[in-house]
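Okay, here's what each chain looks like letter by letter:
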Amino acid sequence: MNVEDVSFWYGPKQALKDISLDIYANEATAFIGPSGCGKTTLLRCLNRTNDIIEHTRMTGRILLDGEDIYAPGIDPPVLRQRFGWIAQKPNPFPRSITANIAYGAEIQGIVTNRKERDALVEQTLRAVGMWDEVKDRLHEAGTDLSGGQQQRLCIARAIATNPEVLLMDEPCSALDPIATALFENLVDELRDRYTIVIVTHNMQQAARISQRAAFFHLGNLVEVGDTEQIFMKPRTQRCLDFVTGRYG
Ligand SMILES: Nc1ncnc2c1ncn2[C@@H]1O[C@H](COP(=O)(O)OP(=O)(O)OP(=O)(O)O)[C@@H](O)[C@H]1O
């Protein structure tokens, strides 16, 4: 994806200022920076979920595979099908594990019968490393799983509809360290098949999980580069102070 000169306003308040950055396929890109710097706002611009918020305005362009996703003629609900969204808190539906995974795929006509559905459920649960854990309880409610399992189920649900990009907004903030480690391993595996963008407050996680990192401050993109460079040799004092924990 290419973000070109993007500015964004909530009413009169400018939340993003002239942001340009490239997001590459088969990599995880981390958005980092102090609270309120605009990370989630930019994440929501990438799949046009900010469109739903009233009194907002965006300028600039965002391209997906070279196509301007804000061009006239783009249908936002159809566009959003090209993205998976993993929220801060796991949010499975209060329905069975199977229904959680199959719902979107059924609506989109990706699966049309029970056999296809069951195959998709198995394939996506294997992809998120959960098949053996839950294969005997697929009829149980997704909401009865542990927090870490729920978050991996949400990834299974997201990838069941064949998205190109996975957008993750602080996906581990409600998980314990073991569930977080499992989740991070999964992100690393998924990188082969998807473009991943992850907002995280956890600097160790950003360093472990991402290949590229973008540091924001007060709506500005201060630095973007290889994660190793951002963490080991940041070009700006502000980024150095942030990644070394001098301010949060
Ligand atoms: N729906 C909204 N209406 C008005 N202002 C908003 C809205 N959402 C975010 N903002 C403001 O826009 C700015 C950027 O917020 P955003 O949530 O993108 O930051 P963030 O870096 O993701 O923060 P955090 O790390 O705390 O989640 C903040 O000043 C915030 O108060």
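Residues numbered from 1 in each chain as written. Predicted model: local features only at pLDDT ≥ 70, side-chain atom pairs only at ≥ 80, totals over all residues.

Caption draft 1: Quick peek at the environment of Leu-218. For Leu-218, the location among the structural elements is in the loop between β9 (212-217) and β10 (220-226). Separated by 105 residues in the primary sequence, Leu-218 and Asn-113 have C-alpha atoms spaced 50 Å apart. (Helix = DSSP H or I, 4+ residues; strand = E, 2+ residues; numbered from the N terminus.)

Caption draft 2: The sheet that holds strand β2 (residues 13-22), seen in detail. Taking strand neighbours across the sheet as the criterion, the four strands line up as β2-β1-β4-β5 in an open arrangement whose pairing is antiparallel. The open sheet has two free edges, formed respectively by β2 and β5 (67-68), since each of these has just one partner strand. As judged from the six bridges shared by strand β1 (residues 2-10) and β2, these two strands associate in the antiparallel manner. Within the sheet, the bridge partner assigned to Trp-9 lies in β2 and is Gln-14. Across the sheet, helix α1 (residues 39-46) touches β1, β2 and β4 (56-64), and the angle it forms with β2 is around 65 degrees. (Pairing = 2+ DSSP bridges. Contact = placed C-beta atoms within 7 Å. Axes fitted to C-alpha atoms, helices over the stretch in contact; angles between N-to-C directions.)

Caption draft 3: Region of interest: the site of the ligand. The environment of the ligand is made up of Tyr-10, Lys-13, Ala-15, Gly-33, Ser-35, Gly-36, Cys-37, Gly-38, Lys-39, Thr-40, Thr-41 and Ile-53. Secondary-structure elements contributing two or more residues to the shell around the ligand are β2 and α1. With three residues, the top contributor of residues to the shell around the ligand is α1. (Near = placed C-beta within 6 Å.)

Caption draft 4: Up close: the UniProt feature "domain: ABC transporter" (unreviewed entry) in the protein chain. Taking the numbering used here, the UniProt-annotated feature "domain: ABC transporter" (unreviewed entry) corresponds to residues 1-243. Structurally, residues 1-243 is divided into 37% helix and 26% strand, and its ends, taken at the C-alpha atoms, are 25 Å apart. (UniProt positions renumbered as here; feature names shortened; annotations may be inferred.)

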